[in-house]
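# Report on the structure
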Amino acid sequence: QDLDSFPTCTHRGKVSEDGQFLIVSGLHPPMFKCFDLTNLSCKFSRHLDAEIVDFQLLSEDYSKIAFLCADRAIRFHAKFGTYYDVRTPRQGRDLAISKRTADLIVCGSSKDVYRLNLEKGRFLAPLEAKCEDLNVVGISPVHGLVAVGGGDGSVECFDLRQKRSVGRLHACG
């Protein structure tokens, strides 16, 4: 219900940790909607200033969300609306959250993996990958290693405790 009401297309969708809400982002105009799965209804929708590249739910429900946007900004939203914007050093392509360290991890058009610490409210020293362009980032829920996928077909893993690369694997190519 109401998922087809995005003017152009739906880009990404994620279910909250508590399983009660579905957040969906769309294009033209850039917007996102929050669906209440318990009541099978659209809870709210909001428009943004730039296209949403990726987003992460920072809380168990929809009350805190971070949006990585195409204008190099990370936009934080709370229940009441836009809360804060921060500009990333380079264009981001993917976003992940490390709940162990409270770091928002951003990778993109350079070999640097940027870490925005949500407790301190500032960027920490970036992790440096061997690949010149990174496309995807993920964090293991088991041991907390950060893995980034590069344009050259490699996967490189970082340990946030050591703040350095712990291994690199050529997955294809």
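These remarks concern the structure in this document. (Residues numbered from 1 in each chain as written. Predicted model: local features only at pLDDT ≥ 70, side-chain atom pairs only at ≥ 80, totals over all residues. Heavy atoms only, no water.)

### Some remarks on the overall build of the protein
A count of helical and extended segments in the protein gives zero helices and 16 strands. Against the globule reference of 16 Å for 173 residues, the protein gives a C-alpha radius of gyration of 16 Å, in line with a compact fold. By its C-alpha atoms, the protein is 45 × 30 × 25 Å across when sized along the principal axes. Sorting the 173 residues of the protein into buried and exposed places 48% on the buried side. Counting only contacts in the protein whose residues sit at least 6 apart along the sequence, the fraction spanning at least 24 positions is 32%. (Helix = DSSP H or I, 4+ residues; strand = E, 2+ residues; numbered from the N terminus. Rg over C-alpha atoms; globule rule 2.2 N^0.38 Å. Buried < 20%, exposed > 50% of the residue type's maximum accessible area, 1.4 Å probe, protein only. Contact = heavy atoms within 4.5 Å.)

### Some points on the nonpolar core
As a rule of thumb, soluble globular proteins bury nonpolar side chains together. Counting residues in each nonpolar core, the largest one holds 14 residues, and the members touching the most others are Ile 23, Phe 32, Ile 65 and Phe 67. Listing elements by their share of this core, those giving two or more residues are strand 2 (21-27), strand 3 (31-36), strand 5 (52-57) and strand 6 (64-69). Ignoring sequence-local partners within four residues, the contact set of Ile 23 consists of Arg 12, Gly 13, Lys 14, Phe 32, Lys 33, Cys 34, Phe 55, Leu 57, Tyr 62 and Ile 65. Ala 96, Cys 107, Val 146 and Phe 158 belong to the second largest nonpolar core, which has 13 residues in total. (Core = buried A, V, L, I, M, F, W, Y, C linked by side-chain atoms within 4.5 Å.)

### Section: a nonpolar patch on the surface
Among the surface-exposed residues, Phe 80, Tyr 83 and Tyr 84 lie close enough to one another that they form a single nonpolar patch of about 450 Å² accessible area. Tracing the backbone through its elements, the reader meets Tyr 83 in strand 8 (residues 81-87). (Patch = residues over 30% accessible without salt bridge, like charges linked within 9 Å, V, L, I, M, F, W, Y side chains within 5 Å. Areas by Shrake-Rupley, 256 points an atom, 1.4 Å probe, with all protein chains shown as cover. Salt bridge = Lys/Arg side-chain N within 4 Å of Asp/Glu carboxyl O.)

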